[in-house]
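# Geometric and topological summary
Residue-level listing of the chains:
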Amino acid sequence: MRSGRIAGLAAIVLAALVLAGCAQRQSQNVYKYDEVGQASAVTFGTIVASREVDITGKNTGTGGLVGAAVGAGAGSYAGSGSGNAWAISAGLLAGAVAGALIEQAAADRTGVEYVVMLQSGVALTVVQDIGKGESTLPDGMRVMVQNTGGYQRVLPAEALPTQMARPKGIELVD
C-alpha cells in the first residue's frame, strides 16, 4: 500500500516538472493571453550588441514540497520506533532539497541580452527569452522595442518603412 502511495507521489512530481518545463514563455513570437488586444508603445533603434545569458527561472516551491512528501514516504520504510522518525525526517529533508533542485533546473533557461541604440540616442538593454524555432537577432539590425506595461520585447523592424507620409485625416496643431 505504501509503495503505491510513494509511486503516485513520484508520478505527480514528475508530471509537474515536465509540465513546468513545457510552459511557453514570452519571446519574439510568443505573447501571453493578457497581451492580446493591448496597445504597445514602440520605439525604433539598432542592435549594437547581443550576448547569450542565463536566466534563473522562478522556483515556486512545489518541487520541494512534493519532494519532501516523497522523501518522507520513502523514509517511513526504514527502521522502527525513534529510528523510523529519524528516517522519515532525513527522507523529508533529502526529498525537499532534491525536489527544489529539480524544479529549479527545469525552470532555468538561456536567453539573449540585446543592447539597442534608440533613435533618440538612448542606449537600452533588454533581456528576453528565445522561443523554440526563434533565432537571435543579429548586431546591426534595425529593430523596434515594444513596451507593453513595463514588459519590453525586441522585434525585427527591417520590413517596416523608414519613412512615410503623415496619416490621412490627422492634423497636428501647435
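A few words on the overall build of the chain. The secondary structure content of the chain amounts to three helices and five strands. Reading the secondary structure of the chain in the N-to-C direction produces α-β-α-α-β-β-β-β. Sorting the 174 residues of the chain into buried and exposed places 30% on the buried side. Residue pairs at least 24 apart in sequence account for 70% of intrachain contacts in the chain once pairs closer than 6 positions are excluded. Put simply, the chain shows about 11200 Å² of open surface, and 61% of that area lies on carbon and sulfur atoms.

Its location among the elements puts Gln128 in strand 3 (residues 123-129). A distance of 2.8 Å separates the side chain of Gln128 from the backbone nitrogen of Val154, its partner in a polar contact.

With eleven residues, the main nonpolar core is built from Ile47, Val112, Tyr114, Val116, Leu118, Val126, Leu137, Met141, Val143, Val145 and Val154. When residues of this core are traced back to their parent elements, those giving at least two are strand 2 (109-118) and strand 4 (142-148). Per-element accounting of this core gives the leading share, four residues, to strand 2.

Here we take up the sheet that holds strand 3. With antiparallel pairing, the five strands of this open sheet are ordered in space as 3-2-1-4-5. In this open sheet, the two edge strands, each paired with only one partner strand, are strand 3 and strand 5 (151-156). Mean inter-strand twist for the sheet, computed between neighbouring axes without regard to direction, equals 45°. As judged from the seven bridges shared by strand 2 and strand 3, these two strands associate in the antiparallel manner. Looking at the pairing, Glu113 lines up with Val127 of strand 3.

A word on the pairing of strand 4. Extensive coverage of strand 4 is indicated by the burial of six of its seven residues. Bridge analysis of strand 1 (residues 41-55) against strand 4 gives six bridges, and the strand direction is antiparallel. Following the sheet pairing, Val42 is matched in strand 4 by Gln146. Where strand 4 and strand 5 come together, six bridges link them in antiparallel fashion. Along strand 5, the bridge assignment pairs Met144 with Leu155.

Applying the stated criterion across every chain, the model contains one salt bridge. With a shortest N-O distance of 2.6 Å, Arg51 and Glu113 are connected by a salt bridge. Note that Arg51 is positioned in strand 1 and Glu113 in strand 2, a separation of 62 residues in sequence.

Attention now goes to the confidence of the model for the chain. The predicted model of the chain averages 76 in pLDDT, with 74% of residues at 70 or higher. Element-level mean pLDDT values for the chain span from 53 in helix 1 (residues 2-22) up to 91 in strand 4.

What follows concerns a nonpolar patch on the surface. Taken together, the side chains of Leu93, Val97 and Leu101 define a hydrophobic patch exposed on the protein surface, amounting to about 310 Å² of accessible area. Within the fold, Leu101 resides in helix 3 (residues 82-107). The exposure class of Leu101 is exposed, given its relative accessible area of 58%.

The rules behind the values
Residues numbered from 1 in each chain as written. Predicted model: local features only at pLDDT ≥ 70, side-chain atom pairs only at ≥ 80, totals over all residues. Heavy atoms only, no water. Helix = DSSP H or I, 4+ residues; strand = E, 2+ residues; numbered from the N terminus. Buried < 20%, exposed > 50% of the residue type's maximum accessible area, 1.4 Å probe, protein only. Contact = heavy atoms within 4.5 Å. Areas by Shrake-Rupley, 256 points an atom, 1.4 Å probe, with all protein chains shown as cover. Polar contact = N/O pair within 3.5 Å; in protein donor to acceptor, adjacent residues only side chain to side chain. Core = buried A, V, L, I, M, F, W, Y, C linked by side-chain atoms within 4.5 Å. Pairing = 2+ DSSP bridges. Axes fitted to C-alpha atoms, helices over the stretch in contact; angles between N-to-C directions. Salt bridge = Lys/Arg side-chain N within 4 Å of Asp/Glu carboxyl O. pLDDT = per-residue confidence, 0-100. Patch = residues over 30% accessible without salt bridge, like charges linked within 9 Å, V, L, I, M, F, W, Y side chains within 5 Å.

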